[in-house]
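# Residue-level structural notes
Here is what each chain is made of, one letter per residue.
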Amino acid sequence: MDIEIRRPSTTDGHHVNQLVTSIPQLDDNSTYCNLLQCSHFADTSAIAVTDEEVLGFISGYAKPDQPDTLFVWQVAVSSAARGQGLASKLLKDILQRTRPTPFRYIETTITADNEASWALFRSIARTYDAPLNRSLMFDRAQHFNDEHDSELLARIGPLHKTQ
Ligand SMILES: CC(C)(COP(=O)(O)OP(=O)(O)OC[C@H]1O[C@@H](n2cnc3c(N)ncnc32)[C@H](O)[C@@H]1OP(=O)(O)O)[C@@H](O)C(=O)NCCC(=O)NCCS
């Protein structure tokens, strides 16, 4: 099975929404939101596709006040495609792209219990020989009205070039 990793385009938006919706750990978002990620934020997002389906997607953006920081919004890999390095490849694809201001830091938020996601970002920190710092970003009571677990900020960097 050939898997292509590339920037998303607007025609991917609907399929991305189906992937995100199929993953219980992820907050649902609208197709419109995914269409914007696949257009305005395509340079900082990546998709993994075969001829038949979307296997993975990372949405991200450069922080408005810190252009050297990639904020990873969501990481989604279909359950059948996990454990094969796909999420790591998607993230590295974004980081390897040429930009006016190269990314030196990665930020994302993760709930305390999401072991797979922590493992992914710990692995990325090792790959780029960078420390990973953890702090509270959105609090269960203060920001989520007790309806969603707290989101912890993982900040990785400064990144060092690989190879
Ligand atoms: C988190 C997720 C994106 C990882 O995708 P993946 O393609 O399986 O990840 P990779 O294969 O690239 O693995 C990256 C690293 O994490 C580790 N890892 C992945 N899943 C793991 C798990 N369930 N438990 C422990 N470690 C895990 C891998 O061993 C690898 O480490 P290594 O480089 O040291 O060998 C995927 O499990 C997923 O889509 N989960 C549901 C959605 C979600 O929680 N997204 C993140 C929050 S936005």
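Look above for the structure.
Now for a description of the structure that goes with this document.

## A word on the overall build of the chain
When helices and strands are counted, the chain shows five helices and seven strands. Helices (α) and strands (β) of the chain occur, in sequence order from the N terminus, as β-α-α-β-β-β-α-β-α-β-α-β. Here the C-alpha atoms of the chain give a radius of gyration of 15 Å, agreeing with the 15 Å that 2.2 N^0.38 yields for 163 residues. With the C-alpha coordinates of the chain rotated into their principal frame, the extents come out at 40 × 40 × 30 Å. Counting the 163 residues in the chain, one finds 45% classified as buried. Considering only contacts in the chain between residues 6 or more positions apart, those separated by 24 or more positions represent 63%. Accessible surface computed for the chain: about 9,100 Å², of which carbon and sulfur atoms make up 49%. If the 15 positive side-chain charges of the chain are averaged to one point and the 21 negative ones to another, these points end up 9 Å apart.

## Details of the pairing of strand 5 (residues 105-110)
Counting buried residues in strand 5 gives five out of six residues, a clear majority hidden from the surface. Relative to strand 5, strand 4 (residues 66-77) runs parallel, the two being bridged by four bridges. Residue pairing across strands places Phe71 opposite Glu107, the latter belonging to strand 5. Once you follow strand 4 into helix 3 (residues 86-96) and on to strand 5, the crossover reads as right-handed. Sheet analysis places strand 5 next to strand 7 (residues 151-156), joined by five bridges and oriented antiparallel. Bridge assignment links Glu107 to a residue of strand 7, and that residue is Arg155.

## Some details on the environment of His40
Relative to the elements of secondary structure, His40 occurs in the loop between helix 2 (31-37) and strand 2 (46-49). According to the relative accessible area criterion, His40 is exposed, its value standing at 66%. A sequence separation of 21 residues divides His40 from Tyr61, and the C-alpha atoms of the two residues are 9.3 Å apart.

Parameters at a glance
Residues numbered from 1 in each chain as written. Predicted model: local features only at pLDDT ≥ 70, side-chain atom pairs only at ≥ 80, totals over all residues. Heavy atoms only, no water. Helix = DSSP H or I, 4+ residues; strand = E, 2+ residues; numbered from the N terminus. Rg over C-alpha atoms; globule rule 2.2 N^0.38 Å. Buried < 20%, exposed > 50% of the residue type's maximum accessible area, 1.4 Å probe, protein only. Contact = heavy atoms within 4.5 Å. Areas by Shrake-Rupley, 256 points an atom, 1.4 Å probe, with all protein chains shown as cover. Lys, Arg positive; Asp, Glu negative; His and termini not counted. Charge placed at Lys NZ, Arg CZ, Asp CG, Glu CD. Pairing = 2+ DSSP bridges. Right-handed = clockwise from strand over helix to strand, strands pointing away.

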